[in-house]
Amino acid sequence: MANKPGSHKRDLRDDGRDRRRRAASLSRSRTGDQCPFRSVCPAIRTGCRRARAGCPPGIGYAALHAPRPPAAFPAGRGATLDEDSIETMTDAAAPAREKRMARDYFFPTPVYYTDLAQAQDLNARLVADIRAWRERDPGGTFRSNVPQLGGWHSATDMHLRVEFTDLTREIFELIHGVFRDQGYDDAYEPVCDSMWANVNPRGAFNRHHTHPHALWSGVYYVRTPDECGLLCLTDPRPQAHVITPYFDPGRRSAHTWAEVYYQPVAGRLIAFPGWLVHSTHPNLASAGRGTGGAGEAGAKSATGEEENGPALERISVSFNFRQRRKGVAPTDAPAGEVVRKDLSAK
Ligand SMILES: [Fe+2]
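Remember, predicted model here, so these are calculated numbers, not experimental data.

### Quick word on the overall build of the protein chain
Then, number 1: On a plain count of helices and strands, the protein chain comes out with five helices and 13 strands.
Then, number 2: For the protein chain, buried positions account for 27% of its 346 residues.
Then, number 3: A sequence separation of at least 24 residues applies to 71% of the contacts in the protein chain between residues at least 6 apart.

### A short note on the nonpolar core
Then, number 1: Among the nonpolar cores identified, the biggest contains 37 residues, and Ile-130, Ile-171, Ala-197, Tyr-220, Val-222, Val-317 and Phe-321 are the most heavily contacted of them.
Then, number 2: Elements supplying a minimum of two residues to this core: α3 (119-136), α4 (165-182), β6 (188-200), β8 (216-223), β9 (231-234), β11 (268-273) and β13 (314-325).
Then, number 3: The element that contributes the greatest number of residues to this core is β6, accounting for six residues.

### Some details on the environment of Asp-226
Then, number 1: Locating Asp-226 in the fold gives a position in the loop between β8 and β9.
Then, number 2: Assessed through the 14 C-beta atoms surrounding it within 10 Å, Asp-226 is described here as partly exposed.
Then, number 3: Taking the C-alpha atoms as reference points, Asp-226 and Ser-286, 60 residues apart in sequence, are found 7.9 Å from one another.

### Examining the environment of Gly-274
Then, number 1: With respect to the helices and strands, the residue Gly-274 is situated in the loop between β11 and β12 (278-280).
Then, number 2: With 18 C-beta atoms packed within 10 Å, Gly-274 lands in the partly exposed category.
Then, number 3: For Gly-274 and Gly-218, which are 56 residues apart along the polypeptide, the C-alpha to C-alpha distance reads 7.9 Å.
Then, number 4: The contact partners of Gly-274, leaving out residues within four places of it in the chain, are Thr-210, His-211, Ala-214, Leu-215, Trp-216, Ser-217 and Asn-320.

### Looking at α4
Then, number 1: Here α4 spans 25 Å end to end across 18 residues, near enough to the 26 Å set by a 1.5 Å rise per residue.
Then, number 2: Among the residues of α4, those classed as buried are Leu-167, Thr-168, Ile-171, Phe-172 and Ile-175. Axial view of α4: buried residues confined to an arc of 135°, hence all on one face. Exposed and oriented more than 90 degrees from the buried face of α4 are Glu-173, Arg-180 and Asp-181.
Then, number 3: Against the buried residues of α4 lie α3, β6, β8, β11, β13 and α5 (340-343).

### Observations regarding the sheet that holds β9
Then, number 1: Taken together, four strands build an open sheet; the order of strands is β7-β12-β9-β10 and the sheet is antiparallel. The outermost strands of the open sheet, each flanked by one partner alone, are β7 (206-209) and β10 (259-262). Direction aside, the axes of adjacent strands within the sheet are offset by 20° on average.

### Things to note about α3
Then, number 1: Across its 18 residues, α3 extends 25 Å between first and last C-alpha, which sits within 8% of the 26 Å expected from 1.5 Å per residue.
Then, number 2: Restricting attention to buried positions, one finds in α3 the residues Ala-119, Asn-123, Leu-126, Val-127, Ile-130 and Trp-133. In a view along the axis of α3, the buried residues occupy a sector of 140°, so they form one face of it. Away from the buried face of α3 by more than 90 degrees, exposed residues Asp-121, Ala-128, Ala-132, Glu-135 and Arg-136 are located.
Then, number 3: Buried-residue contacts for α3 involve β4 (112-115), α4, β6, β8 and β13.

### A few points about the sheet that holds β4
Then, number 1: On the basis of which strands lie adjacent, the open sheet formed by six strands has the order β4-β11-β8-β13-β6-β5 and antiparallel pairing. Every other strand in the sheet has two partners, leaving β4 and β5 (152-153) as the edge strands with one partner each.
Then, number 2: One ladder, built from four bridges, connects β4 with β11; its direction is antiparallel. Each bridged residue has a counterpart across the sheet, and for Tyr-113 the counterpart in β11 is Ile-270.
Then, number 3: Contacts from α3 reach β4, β5, β6, β8 and β13, with the element oriented near 95° to β8.

### Observations regarding unusual backbone geometry
Then, number 1: Despite not being glycine, His-213 has its phi angle at roughly 70°, a positive value.
Then, number 2: Inspection of the secondary structure puts His-213 in the loop between β7 and β8.
Then, number 3: Of note in the backbone geometry, Glu-227 takes a positive phi value of approximately 65° without being a glycine.
Then, number 4: For Glu-227, the location among the structural elements is in the loop between β8 and β9.

Rules of the game
Residues numbered from 1 in each chain as written. Predicted model: local features only at pLDDT ≥ 70, side-chain atom pairs only at ≥ 80, totals over all residues. Helix = DSSP H or I, 4+ residues; strand = E, 2+ residues; numbered from the N terminus. Buried ≥ 20, exposed ≤ 12 C-beta atoms within 10 Å, placed from the backbone. Contact = placed C-beta atoms within 7 Å. Core = buried A, V, L, I, M, F, W, Y, C linked by C-beta atoms within 7 Å. Expected span 1.5 Å × (residues − 1). Arc of directions from axis to C-beta. Pairing = 2+ DSSP bridges. Axes fitted to C-alpha atoms, helices over the stretch in contact; angles between N-to-C directions.

Any link to function would need more than the numbers given here.
In structure tokens form, the structure reads like this:
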């Protein structure tokens, strides 16, 4: 049974119905007394085959019920047993085979990224259209930007504006791929309800924030002068910041990072969960460095050119997606929501 989105309560109710049905069909099955997770598994009260099919959906007991490796693991960092790829401690961590432990990583934070093909022409048009938009609406919107530093945040209806449809279409294609990769129910499709442009001149940045009500969010880089400000993603588990171990830099795993930085590159799209805390570093682009702008000359302080002009602007586009059940009539769709097929009409 597929989980309903956005409601943990509903998930549990579904589990309950599923569990009762399963209990009826498993009345003569094992009780699961041998299961090492019997103290936490809700299915154990009504019968359990310790099989993937018998595990409640959306909770993850299937992985825990999978066969675990014996005490003696194959040498090396990992082994493949059954369908699972099981990581183990390194030899250095536990030289004696019988002392090695399996290692699981649950609750990961997925981040997707790609570089769009033919981005140069697209970005040249986007730069012109976004700057024209800013001229028509210089006040923009106040969100994570800092207007006092000149940071401009457009209105959030970019996905409804026909001049940006080429980019919107590209984003839709990529987010559809994310939904497939995440294993979401095919009865639902990505729906975009907001998209906007950010222009940060030298010194501007975006404060730490999340995107409420968004399942997936992301950023596309249109214009990226050198040193224009890294994207910073922060470990979303507040408890993980309570105490920080001392690490050996040579052996520290990326799994333990508290912050991750992505270099903005024109033409690059990065997608991440909407709940992930993120920010941008200040734009420290300076005259004399590369401007990264398609077809634009770099600022050159040595020749007396402007120190904080358009050549130093960092321009990006951000977006939000949720799930929406397929088949919603356009007349019934909430205002401002767009699905992929709506773009074909533009
Ligand atoms: Fe954001």
